[in-house]
Structure formats: structure tokens, C-alpha cells
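Chain by chain, the residues:
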Amino acid sequence: MSEAVGESGETSVSTALEGARERRIATGGIELSVAELGDPARPTVLLVHGYPDSKEVWSRVAPLLAERFHVVLYDVRGCGRSTAPQPLRGGYTLEKLTDDFLAVADAVSPDRPVHLVGHDWGSVQSWEFVTVPRTQGRIASFTSMSGPSLDHFGHWIKKRMTRPTPRRAAQLLNQAAKSWYVYMLHTPALPELAWKGPLGKRWPKILERVEKIPAGDYPTASLPTDAAHGAWLYRDNVRTRLRHPRTDAYAHCPVQLITPTGDAFLSERLYDELEQWVPQLTRRTLPAKHWVPRTRPDQLAAWIEEFVTAKDEGDPAKEVAARGRYADRFGGRLVLVTGAASGIGRATAFAFAEAGARVVVVDRDAEGAARTADMARLIGAGAAWAEAVDVADEAAMEKLAEKVAAEYGIVDVLVNNAGIGLSGSFLETTSEDWKKVLDVNLWGVIHGCRIFGRQMAERGQGGHIVNTASAAAYQPSKTLPAYSTSKAAVLMLSECLRAELAGQGIGVTAVCPGLVNTSITTTSHVAGVSPEEEKRRQSKAARLYGIRNYPPEKVADAILRAVVRNQAVVPVTPEARGSRALSRFAPRALRAIARIEPL
Amino acid sequence: MTTAATASTAATRSRRDFSATSADLRGFREVQRLAYACAEAVAGQLKPGVTEREAARMQRRWLRERGVTDWFHLPFAWFGDRTAFVNFRIPLQFFPTDRALEPGMPFILDMAPVYQGYTADIGYSGCLGLSPLHDRLLADLEAHRELLLREVRERRPLREIYEDVERLMVRQGYANRHRAYPFGVIAHKVDRVRQRRWSPTLFGFGTQSLKGLASDALHGHREGWSPLWSPYRFSDHPPQPGLWAVEPHLGFRGVGAKFEEILVVTDSRDPEESAFWLDDDLPHVRRWQEEKAA
């Protein structure tokens, strides 16, 4: 047990953590610098940083959490304003790091267990904290990102070495290649020289370029010493633990695992068998690189808040209820779907709802939108709101975007799906008809991409835009000239936008469904025919689509899959895929098909 | 909607143009009630771990003990996402499997016993435990019962009524799952069945009933109607007088719900008498009334 020394209290620690109260805690011959934010009466969330960082790595996450919790951060021994052990060798074992954690936890939250959050080496050590018996009862929950337990890792390697199948061998080699820096850090003296020399100087630029970390108050000036001391984290623990992993490394608290899919240092496969070590595991995935506390603070804060609140209150009703296939990816995220009162839009809203997303349902048809939102709540949406807006109306879309940003947050996934049909020959199509179809199908998409896309880009934390194009975008036909033109424009717009936004971590997908059984057949206008003939053709088309009977739910599944995989163009039905292939390899065949009179 | 009282008085009136007498209607009503009583009794005994086969067997035994010897079709039971016929490709998939019931799972019991020559065909939807979603599906079925009766009274072609029901389902956000039944039927005719000492079944369907259906199909083919109420051209005719077992079936992301009961169609000119539900005192109707009262 340690006592808090030098209650210098209310001074600000650094510019990065504004308003933080610092105190120093002596333990095992060193002094730790501990910063606190928020009301100490609230549940304590303890943030542990990684390598080569100091507690300032959390400077974008901590203020968000401080609104709801008592947030505590500390510099790991030898980093930032904490002092280093003497000698360094042997001073960084996981046992000693556990002592440090207990000292901090006892000082900042003596009566209640703390909620741990660890990134990188902060997560590696936290895994030790949550799996050793002496911390039992001191930890209420643990959120892990980009840092596996060395013991689990050891068993993972062992399993793949002793029974190598081709797949396991590939996984092993993949991770071995990603761990190159670990071998480097085991060489004596060289890493220290590099960090204190050129590497330390260039590191911020490297992070900015390779890891896409926004420039600013991070990394801090203490980086060279943090990194040099921290090398002992690897040297003191990696070899011993990987060679002799503990067999009793079972977590004694609920764990939330946040896996960035673009991590350059850790394979996603490391966590494949984690359920055997963690009885209560919640998985989350995030399309991001390694430094998520810097690049995705909003999302992390939201997930941590949700998890900590659920575990702290122990209320089963607040547990994550979504059971959809991609619940790990879309849980709690904000999704806006236009044209969601029917058809593909509605099915898409439901699919996201099932994955636990918060859904904004937009449609001209207020009643249908409300119905979609209603049902979405019943199947697991974190929340669902209906908004009656015409996507063709720019002012209304601007207003919607303002309202959404103010009340629900920045949209993570935008689905520009609203569209109307128009058939009839070109010469019969009036300019009025053209205007109507372009206003919704093209301008609606442009407004959505422009207004919500800008919000996404300005936030700088990634996102995804899905535009519903059509198989008609590449399949010419003599009956759908206006519709096909509008959808071809959407397809090209999506491709261009994808190129433009790629650098900001925002994906763009164009979905080309094909013949899908929705109400578009009965609402489509037919140019240049009498109302009776229009009605006849509509019901004929509806029956044809009914016989084809491709359900919009399958398109919705394709949309979710496309977002997860960040696909560029997704033809959905077999005929859409077929004509896409023809458009590339046998365009003359498509042109022949275009001349057929269908109805 | 017709209330229970008006339905029974309507039924006791003589119907010159329609072959079913009031005694016949009483017989049909009795067996329909018996079937729903069976459904409620079996549903009350369902608990986690019971399989579809066991549930089907429980229905069969319950009805056999009460004198049922022949079937329009043998009892079915569907649990979990099988209530919405997820990934059903061939008709054999309708038969009960070893799927075990779990807490929170929806279920449907569907049986068609023949009792003293009268046929019933009923569907009973329930859920093991509370499910707001399932409650919503059941509540939304009420609009379909009203729509069906209204449009049959208007003598609209059956194919158009079928499409209107489907449109309503889509507007509600559901998928039409009766399309998965053979011929995509929302309803089929039922009739009296001659009682035989030996009543075998063929693929779960009673041979006597199949014979009746086949002869109806033959007559209908000559006269331009069909005993199957489907989305296809052969159903493009006004409602044919007789007894129709109507079964609108909603599906929503792995949850299905239906009711099935008999609609009596006559050729009376009075709209009230031209079509009416055989019985309004059924579990799902009572449920809607209780919800309204609450």
C-alpha cells in the first residue's frame, strides 16, 4: 500500500490534459505521476497508455469520458513525469507493473473497483491485472485495445507451432512479420540510441504520415526517454512470458475487446480463441490503424461509456442486446438511411438496427419512416428516429444535417438510398420527367454526400458512405433512359468521391441491386402512355419482380458487408453481377439486350 | 368486423344458395374450437428443450384422445426462425424437425383435424417468454383479418385481394411468408370429408381431403375457379362460395406469425351474409379485444 505524496493537487499537468489535477504516488522506489479529471464521486475509469507514449495519448478521449466519470490517467514508470526504476533491467516486470496499478487504484478509488482501459502496452499490462488473483475485486471491467495478453499470445503461438495446419502456419507467419519491431527492441543499446537520436526527432512525422495521426499536442516532448525506457517492457517480459505462458490467465471481470482492423502490428487472428479465457467478452471492431485513442476518440469514448455504464450498474437491461452478424462493427454507431420508409432503405435500416446501430430514418413518407423507426427499436437499435425530409430539397437536407449533428451526433454511416423510377422511351420523356428523376436520384445523393460527407470529413474520424446506384447504371436499355442516366451518374459520383475521401478514412460504396422485389415498380412513372396503360405496365412489372422475388433484405446484407469490407462497387443480384461482367468483357452483348422490348 | 353474436345468428339463418346448412356450420365451428383448444393446451405445455417433433406429437395425441381419426393435414410445429420459413426451398422442410425450443423463441402450431366429417385448419402463434416484437406482429395481423373480410364481401378477385394483403404487409414492414406455402397460397378450400374406417395420409395430408381438393380443382378448372387462393392467374376470379381456411403469414427477420381460421363465403346478396368468419371467439381475436379494452 502506498501513500499519496506531495498533494500538490490542483495544478494543471500539461497543456494536453486541460483541467487535470495531478498527484504523485510513491510505490516500490519510484514516483508515479497521476492525473485526474471529473467528479471523484462518479465511477472511476483508469486509462493506461502504451509504448512509446505517455498518458497524454489519451488527451482526446479523457475529456469526453470526464463528463460522465472520474477519469484517472497515469504515466507508466519511466514515462512522462513518472520516475524510472533503478536499475532499468528487471524493473519492468509485469509483477511490478501490477504493484503500480494497485497503488494508483488504491489511492484514487479506495472503496470501489475501477474500470480499466488500456491501449497497446497499457492493454498488455492490464491483461495481467485482470488475470492475476491479487487484483480480484479491484477491477469492475476492462476495455482492451491493440494489446493482447502475453500469456494468451504464448498459448496462441504454441498451438500453431505444435499443430500447424496451412491456415495456422499462415497466421503465425503473418503475425511474425508484423512483430519486426519487437525483435529490434531486443537488441541492446541500439533502440535507445535511435530514439534519443534521429528516430525520436522524426517520430511525429512518421506517425502523421503512416498512421494518419492528426498533428498537434501529441507526441509530447518526453517521447525519446519514454521510448528508451519503455524498451525494457519488452526485454523484461516478452521472452519469458511467450516461452512459459501462465495456464491460469482467466479474466475475472467482463472484458470489452476493441480491435482496429488496420493495425500494422497485431493480427486480428490473435483474438480468435479469446472466449476460452474471458467468460464475459464483448467484441468491437473498428476500421482504423493502431493508434485509435488519437484517431477515433469519439467512438472509443462512446463504447467505453456504454460498457462501463452497463457493467457499473450491473443492469442486464442495459447490456448490449444486438445480436446481428456485424454487431461488433456497428454497435452504437450512428447510421442515416434515406428512402427508408420502404424497400431496400427500410431493410437496410433494419439490418443496421439488428447490429445495434443508432438509426436515423429519412423519407418523404413520414408515416412509413415512423413505422421503420418503430420496428427498428424492437429489433435492437440503440435508438431510432424518423425524419420526414425530401432528399431533393437542399435546404431541408441542410436543416436535417444540422439537427442530426446537434441532437444525435456525426453520422458514421450514410446510406443515400432514396430513389424513384421512371420508364418510357427517351423521346416520350418530358423535361419535367427528367427533372423529377434527376432531382431525387442524383441531386438527392449529391446533397447527402456533400452535406453529411463534409461533416464526416471535418470530424476526421472516418466513416462510410453508401450510394444506391443500380444495375441500370451499366446496363443500357431503351425503356429506362432517364433512370439509367441518373444511376450511372450516381455510380461515377461514388467512384470519384471514393478517391477523394480515401485519404480521410472515409469509404464510399456504390450498390447496384438489380431486380429486387420492392414497391418501386408500382410507384414508377411511365412516360408517354395513358394512365390505364401506365397502371397496366406497373402491375405487370410488379408481378414480374414478384416472381423474381429477390428480397430487399439480401440487398441490405450486401450493404452491411460492403461497409465492413469497404468495397467500391457491389452488384447484388445474380443478374446484376452478370450484366456487370458483360459490361466489361462483352459490351456488345449488353447493347443487344438494350434493344429488347421488355413489357 | 362481425362480432361473435352476429356471426352466430347469421350462421343459423337458412342459406338457400349454399350447400352448408347451419348444422354443418356448427360442426365446422366445433372442430375449429377443438383445434384451438388443442393449440392452447399444447402451447401451455411447451418449455425449453421441447422439439418440433415432440410438439407435433403432443398435438396429434391430444386430438386423437378426443376422437379425431382423420386429418386434412397432420399437425405441424415450427420454432425459432422456422416460423418465418427462413431458407425454405422444398416443401419437405415444413415437416417438424428436432429443433428445440429456447427461451424467447417464437413458435407456430398448425393443425387440420377432421372430426365427425368436419374439417378445421388452424394456426396458432406464440412465443416462449416475452417478446415485444412478436406482440407487434400478432397485433398487426388484425388489420389483415379485417382487410380480407372487407374485400371478399366486395367480391374482388382473389388474386387482387392477395396482392392487397401483400401490399399491406410490405407497408407494415413485413415479408409475405404464405408465399412459401405450396402454390404460394394464402388460403385453400376445406369441405366435409366422408368418414372411413381407414384414413391414410400422403406426405402429411389426409387422402380423403386430398381427394376433395382434387375434385374441387377439377370442377373449378371447368368453371374457371380454383380451390387454392394464390397470387397466380388461376385465382383471378371472385370468391367462390364455400369454406376457406385463410392463413395470412407475416415474417420479419427470423420471426413469423400467422393465424388460420375458416372464412365462410356464400352467394348471398347481402354483404353481411356474403362472407363472415366462422367463429369470432378465437384466441387471437380475444387477444385483440383485450388489448383494446386495456
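Owing to the predicted nature of the structure, the values given are computational and were not obtained by experimental measurement.

Cut-offs applied
- Residues numbered from 1 in each chain as written.
- Chains lettered and ligands numbered in written order.
- Predicted model: local features only at pLDDT ≥ 70, side-chain atom pairs only at ≥ 80, totals over all residues.
- Heavy atoms only, no water.
- Pairing = 2+ DSSP bridges.
- Helix = DSSP H or I, 4+ residues; strand = E, 2+ residues; numbered from the N terminus.
- Domains from an automatic or database assignment.
- Buried area = accessible area lost by both parts, 1.4 Å probe.
- Salt bridge = Lys/Arg side-chain N within 4 Å of Asp/Glu carboxyl O.
- Polar contact = N/O pair within 3.5 Å; in protein donor to acceptor, adjacent residues only side chain to side chain.
- Contact = heavy atoms within 4.5 Å.
- Axes fitted to C-alpha atoms, helices over the stretch in contact; angles between N-to-C directions.
- Parallel < 35°, antiparallel > 145°, perpendicular 65-115°, else oblique.
- Nonpolar A, V, L, I, M, F, W, Y, C, P; charged D, E, K, R; others polar.
- Disulfide = S-S within 2.5 Å.
- Buried < 20%, exposed > 50% of the residue type's maximum accessible area, 1.4 Å probe, protein only.
- Core = buried A, V, L, I, M, F, W, Y, C linked by side-chain atoms within 4.5 Å.
- Phe/Tyr/Trp six-rings, centres within 6.5 Å; stacked < 30°, edge-to-face > 60°.
- Lys NZ or Arg CZ within 6 Å of the ring centre and 35° of its normal.

## Topic: the sheet that holds strand β14 (residues 275–277) of chain B
Residue and element names in this part refer to chain B.
Here is step 1 of the chain: An order of β9-β6-β10-β13-β14 is seen for the five strands of this open sheet, with the pairing classed as antiparallel. Only two strands of the sheet have a single partner each, and these edge strands are β9 (228–229) and β14.
Here is step 2 of the chain: Pairing geometry for strand β6 (residues 187–190) and β9, over two bridges, is antiparallel. Counterpart to Ala-187 in the pairing with β9 is Trp-229.

## Side note on the domain arrangement of chain A
Residues and elements named next belong to chain A.
Here is step 1 of the chain: For chain A, the assigned domains are domain 1 (4–318) and domain 2 (327–594).
Here is step 2 of the chain: Computed over C-alpha atoms, the centres of domain 1 and domain 2 are 41 Å apart.
Here is step 3 of the chain: Both sides of the domain 1 and domain 2 interface together cover about 960 Å² of buried area, and 36% of this is carbon and sulfur.
Here is step 4 of the chain: Counting the contacts that link domain 1 with domain 2 gives zero salt bridges.
Here is step 5 of the chain: Run the count over domain 1 and domain 2 and you get five residue pairs in polar contact (both at pLDDT 80 or more).
Here is step 6 of the chain: Elements supplying a minimum of two residues to the side of domain 1 that touches domain 2: β9 (281–286) and α11 (297–313).

## With respect to the interface of chain A and chain B
Here is step 1 of the chain: Between chain A and chain B, the contact holds 16 residues from the first and 15 residues from the second.
Here is step 2 of the chain: Regarding the contact of chain A and chain B, the summed buried area is about 1400 Å², with carbon and sulfur atoms giving 47% of it.
Here is step 3 of the chain: Our count for the contact surface shared by chain A and chain B stands at four salt bridges.
Here is step 4 of the chain: Across the salt bridge formed by Asp-140 of chain B and Arg-371 of chain A, the nearest N and O atoms sit 2.5 Å from each other.
Here is step 5 of the chain: Summed over the shared surface of chain A and chain B, the result is eight residue pairs in polar contact (both at pLDDT 80 or more).
Here is step 6 of the chain: Of all the secondary structure elements, the ones that give two or more residues to the side of chain A that touches chain B are α13 (343–354), α14 (366–378), α19 (531–548) and α20 (552–565) of chain A.
Here is step 7 of the chain: The element that contributes the greatest number of residues to the side of chain A that touches chain B is α13 of chain A, accounting for five residues.

## Concerning the packing of α14 of chain A against helix α4 (residues 132–153) of chain B
Here is step 1 of the chain: With their axes 9 Å apart at the nearest point, α14 of chain A and α4 of chain B run at an angle of 140° to one another. On the basis of their axis angle, the class for α14 of chain A and α4 of chain B is oblique. Across from Arg-371, Asp-374, Met-375 and Leu-378 of chain A in α14 of chain A, the residues of α4 of chain B making contact are Pro-132, Leu-133, Arg-136 and Asp-140 of chain B.
Here is step 2 of the chain: Looking at side-chain class alone, the contact of α14 of chain A with α4 of chain B contains four nonpolar, no polar and four charged residues.

## Some words on the state of the cysteines
Residues and elements named next belong to chain A.
Here is step 1 of the chain: Taken as a whole, this structure holds zero disulfides over all chains when the rule is applied.
Here is step 2 of the chain: Sulfur of Cys-496: no disulfide; nearest cysteine sulfur belongs to Cys-449 and is 11 Å away.
Here is step 3 of the chain: Taking relative accessible area as the criterion, Cys-496 reaches 45% and is therefore assigned partly exposed.

## Some points on unusual backbone geometry
Residue and element names in this part refer to chain A.
Here is step 1 of the chain: Look at the link from Tyr-51 to Pro-52: it is a cis peptide, with omega at -5°.
Here is step 2 of the chain: Structurally, the position occupied by Pro-52 is in the loop between β4 (44–48) and α1 (62–66).
Here is step 3 of the chain: Residue Pro-87 is reached from Gln-86 by a cis peptide bond, and omega for that bond is -10°.
Here is step 4 of the chain: Relative to the assigned elements, Pro-87 resides in the loop between β5 (70–74) and α2 (94–108).

## Describing the sheet that holds strand β15 (residues 463–468) of chain A
Residues and elements named next belong to chain A.
Here is step 1 of the chain: Judged by pairing direction, the sheet is parallel, and its seven strands sit side by side in the order β12-β11-β10-β13-β15-β16-β18 without closing on themselves. Looking at which strands have only one partner, the edges of the open sheet turn out to be β12 (383–388) and β18 (569–571). The mean inter-strand angle of the sheet, taken between neighbouring strand axes irrespective of direction, is 15°.
Here is step 2 of the chain: Strand direction decides the pairing type here: strand β10 (residues 334–338) and strand β13 (residues 413–416), joined by three bridges, are parallel.

## Some thoughts on the side chain of Thr-295 of chain A
Here is step 1 of the chain: With respect to the helices and strands, the residue Thr-295 of chain A is situated in helix α10 (residues 292–295).
Here is step 2 of the chain: What Thr-295 of chain A contacts, discounting residues up to four positions off in sequence, is Glu-211, Lys-212, Ile-213, Pro-214, Ala-288, Gly-460 and Gln-461 of chain A.

## Considerations on the nonpolar core
Here is step 1 of the chain: Ranked by internal contacts, the top residues of the largest apolar core, which has 111 residues, are Phe-330 and Phe-352 of chain A together with Trp-229 of chain B.
Here is step 2 of the chain: Core analysis: the second largest hydrophobic core is formed by 89 residues, Tyr-92, Phe-142, Ala-249 and Leu-300 of chain A among them.

## Concerning the packing of aromatic side chains
Here is step 1 of the chain: With the rule as written, the count across this model stands at 34 aromatic pairs over all chains.
Here is step 2 of the chain: Taking 5.6 Å as the distance between ring centres and 15° as the angle between the ring planes, the aromatic pair formed by Phe-76 of chain B and Trp-78 of chain B counts as stacked. Of the two residues, Phe-76 of chain B and Trp-78 of chain B, both sit in the buried class.
Here is step 3 of the chain: Of the aromatic side chains, those joined through ring pairs into one cluster are Tyr-51, Trp-121, Trp-180, Tyr-181, Trp-195, Trp-203, Tyr-234, Phe-265 and Trp-291 of chain A.
Here is step 4 of the chain: We note Arg-235 of chain A situated over the ring of Trp-232 of chain A; from NZ or CZ to the ring centre the distance is 4.8 Å.
Here is step 5 of the chain: Of note, Arg-580 of chain A hangs over the ring of Tyr-474 of chain A, and the distance from its end group to the ring centre comes to 5.5 Å.

## Let's talk about the pattern of salt bridges
Here is step 1 of the chain: Taken as a whole and judged by the stated rule, the model has 63 salt bridges over all chains.
Here is step 2 of the chain: Note that Asp-312 of chain A is salt-bridged to Arg-112 of chain A, the shortest N-O span being 3.2 Å. Separated by 200 residues along the polypeptide, Asp-312 of chain A in helix α11 and Arg-112 of chain A in the loop between α2 and β6 (114–119) bring together distant segments of the chain.
Here is step 3 of the chain: Accessibility expressed as a relative area gives 31% for Asp-312 of chain A, which makes it partly exposed.
Here is step 4 of the chain: Residues Asp-98 of chain B and Arg-53 of chain B are paired through a salt bridge, measuring 3.0 Å at the closest nitrogen-oxygen approach. You can see Asp-98 of chain B sitting in the loop between β1 (70–79) and β2 (106–115) and its partner Arg-53 of chain B sitting in helix α3 (residues 52–65), a full 45 residues away along the chain.
Here is step 5 of the chain: The exposure class assigned to Asp-98 of chain B is exposed, which follows from its relative accessible area of 55%.
Here is step 6 of the chain: Because the salt bridges share partners, they merge into one network encompassing Glu-95, Glu-128, Asp-151, Arg-241, Arg-246 and Asp-248 of chain A.

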